[in-house]
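Remarks on the overall topology
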Amino acid sequence: MQPKNQKGIVLMPQLKWKINDIRAQVGVIDGLIAPSIVLQNAQYLHSIYKKWMSGNIWILGDRIVYVGSEMPKNIEGTEIVDVTGKKVVPGYIEGHVHPFQLYNPITFADYSAQTGTTTFISDNSLFVLMMNNKKAFSLLQKMSEQPFSFYWWSRFDSQTEREDESELYTNESVLEWLKHPDVLLGGELTGWPRLMRGDDLMLSWIHAAKQQGKKVEGHFPGASERTLARMRLFGADGDHEAMTVDEVEARILHGYAVTLRHSSIRPDLPNLLKGIVEREHEIFDHLMMTTDGSTPSFHQDGVMDKCIRVALEAGVTPINAYNMATYNVARYYNMSTLHGLVATGRYASLNILADEMEPTPLSVLSKGVWLKREGVKVQAIEGVDFKEFGTLALDFEITDADFQFSIPIGIEMVNDVITKPYSVGSDRQNPELPLGTDESYLVMIDRNGKWRVNTMIKGFDRSLKGFASSYSNTGDIVLIGKSIADMKKAFEYLKEMKGGIVIVEDGEVISKLGLPIGGALFDGPVEQLIEQELALKEAVRERGYAHSDVIYTLLFLQSTHLPYIRITPMGLIDVIKNKVMLPSVMR
């Protein structure tokens with residue numbers, strides 16, 4: 001049973017064990033039952049004392065049953081591991097995961113666990129987009145049974161403009177998500193301008209999260225102090241969008257919990273931490289860290305261990321660095337009875353380090369299961385079938401009529417994700433645009449073939465002939481290129497692949513990345529995905545893509561929480577004016 005408040009509403013997950021399990025755990029203390037594992041002679045981080053302490057760690061199944069100086073009376077069949085000379089820290093927690101960045105939640109968990117990250121707090125957006133709650137919650141249950149800890153957040157908006165927004169985010173559906181015991185927070189509030197415009201339904205969802213003891217995460221890049229104050233009053237508890245030390249200070253001033261970001265398009269963490277250290281701010285107890293849904297290749301050198309390493313290099317003390325990726329996160333989300341602390345009663349999710357200055361562990365225990373021993377992977381996280389996401393079946397054809405570009409407005413890329421409108425100048429009806437220029441055709445087509453949006457994109461490439469992607473914010477199809485014939489051919493290859501990203505030149509495939517799970521997710525190991533992602537990115541770079549991460553560009557072309565112009569299912573949207581500049585066209 002989950003604990004409830006006085007109104008009978010489910011609160012944070014606090015107890016995961018049945019009565020018989022607890023009796024057995026107490027039996028270990030009494031010497032009636034032998035523990036499964038004992039880590040002997042451990043030097044472990046006690047995150048509350050903020051000290052390295054010495055002792056023995058007893059484990060039964062997935063739970064730590066004792067930490068202290070004694071050895072158990074009964075060790076019959078117990079695996080005793082002498083960790084003399086090594087350091088033991090809690091398993092790392094990634095507190096802001098978008099587990100759908102080409103990888104899927106299970107393969108990314110399997111990959112992350114090998115570098116010590118064994119708990120995710122993740123985005124639920126793709127579940128909302130692709131299936132009903134009953135199917136989604138069934139998948140959540142299957143994932144919770146893995147030797148890995150999955151938690152979730154409940155979004156309140158789709159990050160774009162859709163006609164079916166009110167059908168995806170109904171009051172009933174959002175409240176069901178908020179009541180789920182594995183959902184720890186509401187947000188992130190990418191649609192916060194709606195609150196400013198008087199959206200009381202979104203405000204009621206914030207209140208519902210609060211009534212259940214759950215946090216609300218903001219999404220406030222570049223926000224003024226007045227905006228931060230307003231959002232705090234509306235109910236936002238934390239934010240991960242600070243890009244400067246001044247912005248960190250402003251959030252702390254208004255009482256926010258601050259998550260510092262280190263991602264493939266915003267690698268801000270080194271400068272933020274160096275600035276905090278230089279200004280001698282004693283605020284580390286109120287800071288967390290995240291890789292914020294970085295694309296696969298960013299993680300070649302780790303996940304949360306990568307963030308801890310950055311913190312150590314920036315001059316943060318080791319204990320503060322580890323706490324920002326463990327105890328601080330667990331305490332903030334009211335789950336320190338389960339996570340983030342090497343102490344009695346917590347999950348047996350532990351990292352064994354060679355040294356406190358080397359955060360990538362030699363060995364990893366997650367819920368009492370060895371996933372890695374002395375640098376070698378010994379257990380995979382697997383066995384969850386994502387068939388509920390379905391396969392992408394593009395059962396329609398595209399014709400010359402889909403390539404009409406008599407439009408005055410185009411999208412100019414400022415960087416990977418920020419865009420602005422520009423004047424196209426004259427009709428573009430040529431079958432090919434000249435190579436070497438920075439303008440290309442851009443078409444977005446409904447994955448069910450019902451509508452399309454046509455415009456031009458400036459600054460994406462200089463010689464990309466045909467490009468097709470089913471990876472996008474909404475799951476709709478994005479076509480880009482200078483050759484209409486190659487754009488059509490790329491679409492045909494995309495149909496054959498049943499989803500993915502493909503580059504075509506003179507009718508031939510130059511590079512491709514298959515995404516067979518719903519047209520959005522890779523179905524193999526992350527190591528294999530990284531190889532294909534890097535090859536695709538290199539092919540795009542060779543054709544003039546000058547920004548840092550084309551995968552993020554595809555994701556955010558439709559995302560209306562960023563300025564200034566976006567291509568969406570409703571058409572071209574002026575984000576600042578909240579106005580449709582060019583409506584989508586029915587096919």
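Residues numbered from 1 in each chain as written. Predicted model: local features only at pLDDT ≥ 70, side-chain atom pairs only at ≥ 80, totals over all residues. Heavy atoms only, no water.

**Some words on the overall build of the protein**
In terms of regular secondary structure, the protein is built from 17 helices and 29 strands. Relative to the compact-globule value of 25 Å for 587 residues, the protein shows a C-alpha radius of gyration of 25 Å, a close match. Projecting the C-alpha coordinates of the protein onto the three principal axes gives extents of approximately 85 × 50 × 50 Å. Considering only contacts in the protein between residues 6 or more positions apart, those separated by 24 or more positions represent 67%. As presented, the protein carries roughly 22,200 Å² of accessible surface, and 50% of it is formed by carbon and sulfur atoms. Seen as two clouds, the 60 positive and the 74 negative side-chain charges of the protein have centres 4 Å apart. (Helix = DSSP H or I, 4+ residues; strand = E, 2+ residues; numbered from the N terminus. Rg over C-alpha atoms; globule rule 2.2 N^0.38 Å. Contact = heavy atoms within 4.5 Å. Areas by Shrake-Rupley, 256 points an atom, 1.4 Å probe, with all protein chains shown as cover. Lys, Arg positive; Asp, Glu negative; His and termini not counted. Charge placed at Lys NZ, Arg CZ, Asp CG, Glu CD.)

**Some points on the nonpolar core**
In terms of nonpolar packing, the biggest core is built from 126 residues, with Phe127, Met143 and Phe389 touching the most fellow members. Those residues in contact with Phe127, other than ones at most four positions away along the chain, are Phe100, Ala136, Leu139, Leu140, Met143, Trp152, Trp177 and Phe389. (Core = buried A, V, L, I, M, F, W, Y, C linked by side-chain atoms within 4.5 Å. Buried < 20%, exposed > 50% of the residue type's maximum accessible area, 1.4 Å probe, protein only.)

**Considering the pattern of salt bridges**
Under the counting rule described, the total for this entry stands at 34 salt bridges. Between Arg155 and Asp123 there is a salt bridge, with its nearest N and O atoms 3.0 Å apart. Of this pair, Arg155 sits in the loop between β8 (149-154) and α5 (165-168) while Asp123 is found in strand β7 (residues 117-123), placing the two residues 32 residues apart along the sequence. Put simply, Asp268 and Arg266 hold a salt bridge, and the shortest N to O gap is 2.8 Å. (Salt bridge = Lys/Arg side-chain N within 4 Å of Asp/Glu carboxyl O.)

**Focus on the environment of Asp62**
Note on placement: Asp62 falls in the loop between β2 (51-60) and β3 (63-68). The class of Asp62 is partly exposed, set by a relative accessible area of 25%. With 286 residues separating them in the primary sequence, Asp62 and Ala348 have C-alpha atoms 5.3 Å apart. Here Trp17 takes part through its side chain, which lies 2.7 Å from a polar atom of the side chain of Asp62. (Polar contact = N/O pair within 3.5 Å; in protein donor to acceptor, adjacent residues only side chain to side chain.)

**Concerning the confidence of the model for the protein**
If pLDDT is low for a region, its predicted coordinates should not be looked at in detail. The predicted model of the protein has a mean per-residue pLDDT of 95, with 97% of residues at 70 or higher. Scored below 50 in pLDDT, residues 6-10 shows 11 contacts in the model against residues more than four places distant or in partner chains. (pLDDT = per-residue confidence, 0-100.)

**Considering the sheet that holds strand β26 (residues 565-568)**
Pairing within the open sheet is antiparallel, and its 3 strands lie in the order β26-β27-β28. Of all strands in the sheet, those bounded by a partner on one side alone are β26 and β28 (579-583). Within this sheet the neighbouring strands show an average axis-to-axis angle of 30°, counted without direction. (Pairing = 2+ DSSP bridges. Axes fitted to C-alpha atoms, helices over the stretch in contact; angles between N-to-C directions.)

**Some points on the side chain of Thr119**
The residue Thr119 is located in strand β7 in this model. With sequence-adjacent residues up to four places away left out, Thr119 is seen in contact with Tyr92, Ile93, Glu94, Phe148, Ser149, Tyr151 and His339.

**Let's talk about the packing of aromatic side chains**
Going through the model one piece at a time under the given rule, you end up with 27 aromatic pairs. Measuring from centroid to centroid gives 4.2 Å for Trp58 and Tyr66, while their planes differ by 35°, and the two rings are tilted. Judged by its relative accessible area of 18%, Tyr66 falls in the buried class. Each ring, one from Phe220 and one from Tyr256, has its centre 6.3 Å from the other, and the planes form 75°; the classification is edge-to-face. Here Phe220, found in the loop between β10 (215-217) and α9 (225-234), pairs with Tyr256, found in the loop between α10 (245-253) and β12 (257-261); they are 36 residues apart in sequence, far enough to count as distant. For Phe220, a relative accessible area of 0% corresponds to the buried category. We classify Tyr256 as buried; its relative accessible area is 3%. The structure contains a cluster of three or more aromatic residues connected by ring pairs, namely Phe100, Tyr103, Phe108, Phe120, Phe127, Phe137, Phe148, Phe150, Trp152, Trp177, Phe386 and Phe389. Here the guanidinium or amino end of Arg63 rests over the ring plane of Trp17, the centre of that ring lying 4.1 Å away. (Phe/Tyr/Trp six-rings, centres within 6.5 Å; stacked < 30°, edge-to-face > 60°. Lys NZ or Arg CZ within 6 Å of the ring centre and 35° of its normal.)

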